[in-house]
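Observations on the three-dimensional arrangement
Residue-level listing of the chains:
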Amino acid sequence: MLAEHLDQFYEHAELRNASARTISNLKGQLQGFHRDFTFKSNDLKLIQSKDLSDFIVKKCEGKSADLFKAKVWAFRQFFGYLALKGVLDVSPAEVLKHAKYPKREKLPSYLREDEMQTLLEVSSNADHPADFLLISLLLVTGLRTSEIVGCFISAYDGEHGLIRVKVKGGWIREVPLTGAIMLVMDDYLHGRSDDNPHLFLTPRGGSCTSGWVRNTLKRIGEEAALKEKLTNRLLRHTFATHA
């Protein structure tokens, strides 16, 4: 019975447009649950929160807190689905607690305002117009690399001052833009004469990739003489710090 509910849960996730990676993660965390989890009958209502907690602790013994967190997330999703479908009155996974992370010894790195200004100046003088837009957009929105790669020109809504990006799980998030970045965006698009629907293009006119984003940031960071390697993570931390 439990195995059947798991299969139905994965189908439900697909119908809700969950990404292939999300479904793969769910299967990975719930794999073997119906075989390893021992209980006296097929009555799912007998499953208690402590049973789930003991199971997760056993599977995560000696492992990182990230694995513990991933399994708690997966169980919350699955048992929440069972409660939604009326198979259970309440989800026993709702009260599961995440493992505590060790205290961070060092705060995440971020750029100072003068370093941000230097990045903008260097990228504005680059031969490829997309460089300046990339740096500007990342500094004021904190977008992920995958969100940059997946951006289309049609995602930009100048009338309402926002850009729509596809995030994890297949959802669309509306990201507000400042007047300054909209001017950069309009200038960039005005200079485009191709018919490629992607917002960012490589110097050769192809659609951008995560590798292009990574290499472009690394190059601009070196030209700006930053003390550490310029990455999307560093720019996201910078955005979170100065926002």
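Quick caveat, the model's predicted, so the values are computed rather than measured.

Bringing the pattern of salt bridges into the picture now. Evaluation of the coordinates by the stated rule reveals 11 salt bridges. The partner of D114 in a salt bridge is R112, with the nearest N and O atoms 2.9 Å apart. For R112, a relative accessible area of 42% puts it in the partly exposed group. With its nearest N and O atoms 2.6 Å apart, the salt bridge here joins R192 to D194. Taking the relative accessible area as the measure of exposure, R192 reaches 16% and is therefore buried.

So, about the environment of L134. Position of L134 among the secondary structure elements: in helix α7 (residues 129–141). For L134, a relative accessible area of 0% puts it in the buried group. On a C-alpha basis, the gap between L134 and S193 in space is 19 Å, while along the polypeptide they are 59 residues apart. Not counting residues within four places of it along the chain, the set of residues in contact with L134 comprises I148, F200, W212, T216 and L217.

Between its first and last C-alpha, helix α1 (residues 2–15) extends 20 Å over 14 residues, near the 20 Å set by a 1.5 Å rise per residue. By the burial criterion, the buried members of α1 are L2, H5, L6, F9, Y10 and A13. Buried residues of α1, viewed axially, fall in a sector of 140°; they line one side. The exposed set on the far side of α1, more than 90 degrees from its buried face, consists of E4, E11 and L15.

The 3 strands lie next to each other as β1-β2-β3, forming an open sheet whose pairing is antiparallel. Bordering the open sheet on either side are β1 (156–157) and β3 (172–176), each of which pairs with just one other strand. Here strand β2 (residues 162–166) pairs with β3 via 5 bridges, running antiparallel. If you follow L162 over to β3, its bridge partner there is P176.

Using the criterion set out here, one finds 0 disulfides in the structure. With no disulfide of its own, C208 lies 8.4 Å from the sulfur of C151, the closest cysteine sulfur.

So, about unusual backbone geometry. Despite not being glycine, N17 has its phi angle at roughly 65°, a positive value. Along the chain, N17 falls in the loop between α1 and α2 (20–30). Owing to a relative accessible area of 57%, N17 belongs among the exposed residues under this scheme.

Summed over the entire model, instances satisfying the criterion amount to 8 aromatic pairs. Note on F9 and F78: the rings are 5.5 Å apart at their centroids and 65° apart in plane angle, and the pair reads as edge-to-face. You can see F9 sitting in helix α1 and its partner F78 sitting in helix α5 (residues 65–84), a full 69 residues away along the chain. We classify F78 as buried; its relative accessible area is 0%. An aromatic cluster is present here, built from F9, Y10, F55, F75, F78, F79 and Y81 joined pairwise through their rings. Across the ring face of Y10, the terminal group of K27 is positioned such that the distance to the ring centre comes to 5.3 Å.

With 12 residues, helix α9 (residues 179–190) should reach 16 Å at 1.5 Å per residue; the first-to-last C-alpha distance of 16 Å fits that figure. When we look at burial in α9, the residues that qualify are I181, M182, V184, M185 and Y188. Projection of α9 onto a plane perpendicular to its axis shows the buried side chains occupying an angular sector of 160°, all on one side. Turned more than 90 degrees from where α9 packs its buried face, G179, A180, L183, D187 and H190 sit exposed.

Definitions and limits used
Residues numbered from 1 in each chain as written. Predicted model: local features only at pLDDT ≥ 70, side-chain atom pairs only at ≥ 80, totals over all residues. Heavy atoms only, no water. Salt bridge = Lys/Arg side-chain N within 4 Å of Asp/Glu carboxyl O. Buried < 20%, exposed > 50% of the residue type's maximum accessible area, 1.4 Å probe, protein only. Helix = DSSP H or I, 4+ residues; strand = E, 2+ residues; numbered from the N terminus. Contact = heavy atoms within 4.5 Å. Expected span 1.5 Å × (residues − 1). Arc of directions from axis to C-beta. Pairing = 2+ DSSP bridges. Disulfide = S-S within 2.5 Å. Phe/Tyr/Trp six-rings, centres within 6.5 Å; stacked < 30°, edge-to-face > 60°. Lys NZ or Arg CZ within 6 Å of the ring centre and 35° of its normal.

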